[in-house]
Amino acid sequence: MDQTRFRVFSGSANPKLAEDICAHLDVPVSKCSIKKFSDGEIWLQIDENVRGADVFVVQSTCTPVDHHLMELLLMMDALRRASAKRITAVLPYYGYARQDRKDKPRVPISAKLVASLIVTAGAHRVLSLDLHAAQIQGFFDIPVDHLFAAPVMVDYIKTLKLENPTIVSPDPGGVERARAFAKHLDAQLAIIDKRREQANVAEVMHVIGDVEGRTCMIVDDMVDTAGTLVKAAQALLDYGAAAVYGCCTHAVLSGRALDNIDRSPLTELVVGDSIPLQQRARECGRIKQLSVAPLLAQAIESIHEETSISRLFV
């Protein structure tokens, strides 16, 4: 790969993931200086010549969300003003994705606003991973390559050799994702019917599908407070499941998430590394982290070489 025409930059959100991606691409992480003024204002400078280069900016908009989002916007603006030929925003985790519609009076559609900001800052295309809602692709007026971590997760789940496996969607909206897992694992499908009374609070109602005596794998795009996950796991056990595992791409793990997981009946929670795990999560024996770096590296290589990425889908 021509390193004079190819650059991968990283914000401060998840530098380890960017390093792993670059290791698979056999290129170094390009140099960029990021500092803060005493009032918290971000100062940024690109430390390499990018004129005419194909540039990729790896930045998850995870905690602190607004800070990392601002870093991304400033970096892309700097690259645009430095005459980069093409800028691709690589968003392993897209924050504000849950606010993708106007479901109450006088609320913003934050996912659309963030998409507009990314385009305005200078992105020519976006590479994302497991968006909370696939329709968010339509919020961008530029090409979006939407990948799924399913190939990574499915390969690992196969090694567990689960007996009588059933893939479970924690809500009706995740059925398509769960069905794809079930198809490739030759497993049955079940759905949790829940009612959410307020943000980050979920009440599990009942289980649709036969889970009695079966090993269940709950599949979702993210785990935030883990409230939904824990209640879903308990509901499955109440319906006779033999054991319950969890699987998600984005380990947000905010609030009392780790306490909830520690007290849960989950055998194991499998997560991606789109968001870096805090120290306590890394030490948790129930959490298994898998790398999405090879998947993203292959996608970046395909975008740069202008070849199809359809081979990366399950």
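Residues numbered from 1 in each chain as written. Predicted model: local features only at pLDDT ≥ 70, side-chain atom pairs only at ≥ 80, totals over all residues. Heavy atoms only, no water.

Help me get a handle on the nonpolar core, residues and values and all.
In terms of nonpolar packing, the biggest core is built from 44 residues, with Ile21, Leu147, Ile167 and Phe181 touching the most fellow members. Looking at this core element by element, the count peaks at seven residues for helix α9 (residues 293-305). The contact partners of Phe181, leaving out residues within four places of it in the chain, are Ala150, Met153, Val154, Ile157, Ile167, Val219 and Cys247. Membership of the second largest hydrophobic core comes to 33 residues, among which are Leu72, Met76, Leu131 and Phe140. (Core = buried A, V, L, I, M, F, W, Y, C linked by side-chain atoms within 4.5 Å. Buried < 20%, exposed > 50% of the residue type's maximum accessible area, 1.4 Å probe, protein only. Helix = DSSP H or I, 4+ residues; strand = E, 2+ residues; numbered from the N terminus. Contact = heavy atoms within 4.5 Å.)

Quick one: what's the story with the pattern of salt bridges, residue by residue and with numbers?
Evaluated as defined, the whole model comprises 12 salt bridges. Linking Asp77 and Arg80 is a salt bridge whose minimum nitrogen-to-oxygen distance equals 2.6 Å. Highlighted residues: Asp77 and Arg80, both in helix α2 (residues 65-81), separated by three residues, approximately one helical turn. Here Arg80 falls in the partly exposed class, since its relative accessible area comes to 38%. One network of salt bridges, in which partners are shared, links Arg256, Asp259, Asp262 and Arg280. (Salt bridge = Lys/Arg side-chain N within 4 Å of Asp/Glu carboxyl O.)

Please provide a residue-by-residue account of the sheet that holds strand β7 (residues 144-147), values included.
Strand order in the open sheet formed by five strands is β1-β4-β5-β6-β7, and the pairing between neighbours is parallel. Pairing within the sheet leaves two strands with one partner each, and these edge strands are β1 (6-10) and β7. Taking the axes of each pair of neighbouring strands and ignoring which way they run, one obtains an average angle of 15 degrees across the sheet. Pairing of strand β4 (residues 54-58) with strand β5 (residues 86-91) involves five bridges; the strand directions are parallel. Paired with Val58 across the two strands is Val90, which belongs to β5. Along the sheet, helix α1 (residues 15-25) makes contact with β1 and β4, crossing β1 at roughly 160 degrees. (Pairing = 2+ DSSP bridges. Axes fitted to C-alpha atoms, helices over the stretch in contact; angles between N-to-C directions.)

Quick rundown of the packing of helix α4 (residues 150-160) against helix α5 (residues 175-185)? Include the residues and the values.
It is at 10 Å that the axes of α4 and α5 come closest, and there the two elements cross at 45 degrees. Taken together, α4 and α5 sit at an angle that is classed as oblique. Judged by the twist between their axes, the crossing of α4 over α5 is right-handed. Two secondary-structure elements touch here, α4 through Ala150, Met153, Val154, Ile157 and Lys158 and α5 through Phe181, His184 and Leu185. Looking at side-chain class alone, the contact of α4 with α5 contains six nonpolar, one polar and one charged residues. (Parallel < 35°, antiparallel > 145°, perpendicular 65-115°, else oblique. Left-handed = near helix turned anticlockwise from the far one by under 90°. Nonpolar A, V, L, I, M, F, W, Y, C, P; charged D, E, K, R; others polar.)

Could you give an account of the pairing of β1, with specific residues and numbers?
Burial within β1 is extensive, with five of its five residues counted as buried. Residues Phe6, Val8 and Ser10 line one face of β1 and the alternating positions Arg7 and Phe9 line the opposite face, and both faces are buried. Bridge analysis of β1 against β4 gives five bridges, and the strand direction is parallel. Across the sheet, residue Phe6 finds its bridge partner in β4, namely Asp54.

Residue-level account of the packing of aromatic side chains, with values.
Inspection of the entire model under this criterion finds two aromatic pairs. Each ring, one from Phe6 and one from Phe56, has its centre 5.5 Å from the other, and the planes form 50 degrees; the classification is tilted. In this pair, Phe6 is assigned in strand β1 and Phe56 in strand β4, connecting sequence segments 50 residues apart. For the pair Phe6 and Phe56, one class covers both residues: buried. Consider the rings of Tyr94 and Phe140, whose centres lie 5.9 Å apart with planes at 55 degrees: the pair is tilted. In this pair, Tyr94 sits in the loop between β5 and α3 (110-121) while Phe140 sits in the loop between β6 (125-129) and β7, placing the two residues 46 residues apart along the sequence. (Phe/Tyr/Trp six-rings, centres within 6.5 Å; stacked < 30°, edge-to-face > 60°.)

Can you tell me about unusual backbone geometry, naming the residues and giving the values?
A cis amide bond links Thr63 with the next residue in sequence, Pro64, at an omega value of -10 degrees. Locating Pro64 in the fold gives a position in the loop between β4 and α2. For Tyr96, which is not glycine, the phi torsion reads 70 degrees and is therefore positive. On the secondary structure map, Tyr96 appears in the loop between β5 and α3. Taking relative accessible area as the criterion, Tyr96 reaches 29% and is therefore assigned partly exposed. Phi at Asp130 takes a positive value of approximately 45 degrees, unusual for a residue other than glycine. Considering the arrangement of structural elements, one finds Asp130 in the loop between β6 and β7.

Summarise α4; cite the residues concerned and give the values.
What α4 keeps buried is the set Ala150, Pro151, Val152, Met153, Val154, Tyr156 and Ile157. The elements touched by buried residues of α4 are α5, β11 (215-223), β12 (243-251), β13 (269-272) and β14 (287-290). Backbone geometry just downstream of α4 places Lys161 in the positive-phi region, at approximately 50 degrees.

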